[in-house]
Amino acid sequence: MRNIFFVFFLISFNLIHSQVEPETPHEDDNVLITIIEDIPIAPGCESVEKNKRMDCFNAYMTEHIQKHFKYPKAAAKKNIQGKVLVTFIINKEGFVEKIETNGGHELLRQEAYRIIDKLPKFRPGLLRGKPVKVRYGLPITFKLR
């Protein structure tokens, strides 16, 4: 029986892609805001000091992915491995939306989508004291061993 090994690079999670989404059509879509006052807050991270919230967010994501991860049986059977980049938005209400997957085999993309789709409500990110949409990118590497 083959051991299944799953690796993901959560340390680089916020470095891959994190930006505030433009809210209205008249805002300049070419301007990317990469610094916000408050990042979205994961459940259980509300009482964490502001300067440690990204660590808490990353730890929460690590735990969530490990808890919900299931290597697709069909992919394991065919020895399918690879990296999937998942992008998603935590919207102004704190819900995950607009999940997209790129790279890797379709079976792996479906699993990556399923995992992120199970994320609960977050406290939304803030810019100038107002809730904003924040986009994140997360590479997930599927590897059999």
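The structure presented is a predicted model; accordingly, all values stated were derived computationally and were not measured.

Tallied over the full model, the rule gives seven aromatic pairs. Consider the rings of Tyr60 and Phe122, whose centres lie 6.1 Å apart with planes at 80°: the pair is edge-to-face. Here Tyr60, found in helix H2 (residues 53-68), pairs with Phe122, found in the loop between helix H4 (106-117) and strand E5 (125-127); they are 62 residues apart in sequence, far enough to count as distant. Considered together, Tyr60 and Phe122 belong to a single accessibility category, that of buried residues. For the pair Phe69 and Tyr71, a centre-to-centre distance of 6.0 Å together with 85° between the ring planes defines the contact as edge-to-face. Like Phe69, the residue Tyr71 is buried in the burial classification. Pairwise contacts between aromatic rings join Phe57, Tyr60, Phe88, Phe122 and Tyr136 into one cluster.

So, about the confidence of the model for the chain. Averaged over all residues, the pLDDT of the chain equals 82, while 77% of them reach at least 70. Model confidence for the chain, summarised as mean pLDDT per element, is weakest for helix H1 (residues 13-16) at 38 and strongest for H4 at 97. Below pLDDT 50 for its whole length, residues 24-32 participates in three contacts with residues either more than four positions away or in separate chains.

How two helices sit against one another is set out by the angle between their axes and by the gap between those axes. Relative orientation of the contacting elements H2 and H4 amounts to 120°, with a least axis distance of 10 Å. As far as their axial angle goes, H4 and H2 are oblique. Crossing of H2 against H4: the hand is right-handed. Note on element contacts: H4 touches H2 through Glu111, Arg114, Ile115 and Ile116, opposite Met61, His64, Ile65 and His68. Grouping the amino acids of the contact of H2 with H4 by side-chain chemistry returns four nonpolar, two polar and two charged.

The next thing to look at is the environment of Gly104. For Gly104, the position within the fold is in the loop between strand E4 (96-102) and H4. Sequence-wise, Gly104 and Thr141 are 37 residues apart; in three dimensions their C-alpha atoms are separated by 8.8 Å. Not counting residues within four places of it along the chain, the set of residues in contact with Gly104 comprises Lys83, Val84 and Arg109.

Definitions and limits used
- Residues numbered from 1 in each chain as written.
- Predicted model: local features only at pLDDT ≥ 70, side-chain atom pairs only at ≥ 80, totals over all residues.
- Heavy atoms only, no water.
- Phe/Tyr/Trp six-rings, centres within 6.5 Å; stacked < 30°, edge-to-face > 60°.
- Helix = DSSP H or I, 4+ residues; strand = E, 2+ residues; numbered from the N terminus.
- Buried < 20%, exposed > 50% of the residue type's maximum accessible area, 1.4 Å probe, protein only.
- pLDDT = per-residue confidence, 0-100.
- Contact = heavy atoms within 4.5 Å.
- Axes fitted to C-alpha atoms, helices over the stretch in contact; angles between N-to-C directions.
- Parallel < 35°, antiparallel > 145°, perpendicular 65-115°, else oblique.
- Left-handed = near helix turned anticlockwise from the far one by under 90°.
- Nonpolar A, V, L, I, M, F, W, Y, C, P; charged D, E, K, R; others polar.

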